[in-house]
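Structure assessment
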Amino acid sequence: MADDSDDPTVPVICAECETETDIALDDVAEAVERHNDRLHDGEQVAQVDPALADQVRDLVVEDLGLLDDADD
């Protein structure tokens, strides 16, 4: 589903379908929801690659300084 443009893409995986697809960043939420609704009766099976999601979460936590106060 990835195109040849310079738009950033996000890897989306579905363990049940054994697929991985790069989706344009702007379309990720809708594509994941549509896939899960159509193929998995709405169950949250397809998702953004968990490794990438963890990296993004860590960057956000660091950027917001959420762990700075935890040591006090």
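Higher on the page you've got the structure.
Each chain carries its own residue numbering, running from 1 in the direction its sequence is written. Whole-chain, interface and lining totals are the exception, using all residues; otherwise, since this is a predicted model, local features are given only for residues with pLDDT of at least 70 and side-chain atom pairs are given and counted only at 80 or more. Based on all heavy atoms of the structure, the side-chain values leave hydrogens and waters out of the count.

**Things to note about the sheet that holds strand E1 (residues 9-14)**
Following DSSP output, two strands are said to pair if at least two bridges run between them. Secondary structure follows DSSP: runs of H or I at least 4 residues long count as helices, runs of E at least 2 residues long count as strands, and numbering of each begins at the N terminus. Taken together, the 3 strands give an open sheet; going across it, the order is E2-E1-E3, and neighbouring strands pair in antiparallel fashion. Of all the strands in the sheet, just strand E2 (19-24) and strand E3 (47-48) have a single pairing partner and so form its edges. For E1 and E2, the ladder comprises 6 bridges, and the chain directions are antiparallel. In the sheet register, Thr-9 faces E2, and the bridge partner there is Ala-24. Contacts are assigned to residue pairs with any non-hydrogen atoms lying within 4.5 Å of each other. The angle between two axes is taken between their N-to-C directions and runs from 0 to 180 degrees, where each axis is a line fitted to C-alpha atoms and a helix contributes only its stretch in contact. Across the face of the sheet, helix H1 (residues 28-40) comes into contact with E1, E2 and E3 while running at roughly 15 degrees to E1.

**Things to note about the pattern of salt bridges**
In what follows, salt bridge is the name for a side-chain nitrogen of Lys or Arg lying within 4 Å of a carboxyl oxygen of Asp or Glu. A complete count under the given rule lists 3 salt bridges for this structure. Across the pair Asp-54 and Arg-57 runs a salt bridge whose closest N-O atoms are separated by 3.2 Å. You can see Asp-54 and its partner Arg-57 sitting in helix H2 (residues 50-64), 3 residues apart, about one turn around the helix. The buried label goes to any residue with under 20% of its type's maximum accessible area, the exposed label to any with over 50%, and the partly exposed label to all in between, with areas taken from a 1.4 Å probe on protein chains only. For Arg-57, a relative accessible area of 45% corresponds to the partly exposed category.

**Section: the nonpolar core**
We call a set of buried Ala, Val, Leu, Ile, Met, Phe, Trp, Tyr and Cys residues a nonpolar core when their side-chain atoms join them within 4.5 Å. Counting residues in each nonpolar core, the largest one holds 9 residues, listed as Val-10, Val-12, Cys-14, Ile-23, Val-28, Ala-31, Val-32, Val-45 and Ala-46. Among the elements of the structure, E1 and H1 are those that each provide at least two residues to this core.

**Brief notes about a nonpolar patch on the surface**
Exposure above 30% relative accessible area and the absence of a salt bridge qualify a residue for a patch, where like charges join within 9 Å and nonpolar side chains (Val, Leu, Ile, Met, Phe, Trp, Tyr) within 5 Å. Only the protein chains shown count as cover for residues, and the accessible areas themselves come from Shrake-Rupley with a 1.4 Å probe. Side chains of Val-56, Val-60, Leu-64 and Leu-66 sit close together on the surface and give an oily, nonpolar patch of about 370 Å² of accessible area. Within the secondary structure, Leu-64 is located in helix H2. Residue classification places Leu-64 among the exposed residues on the basis of a relative accessible area of 55%.

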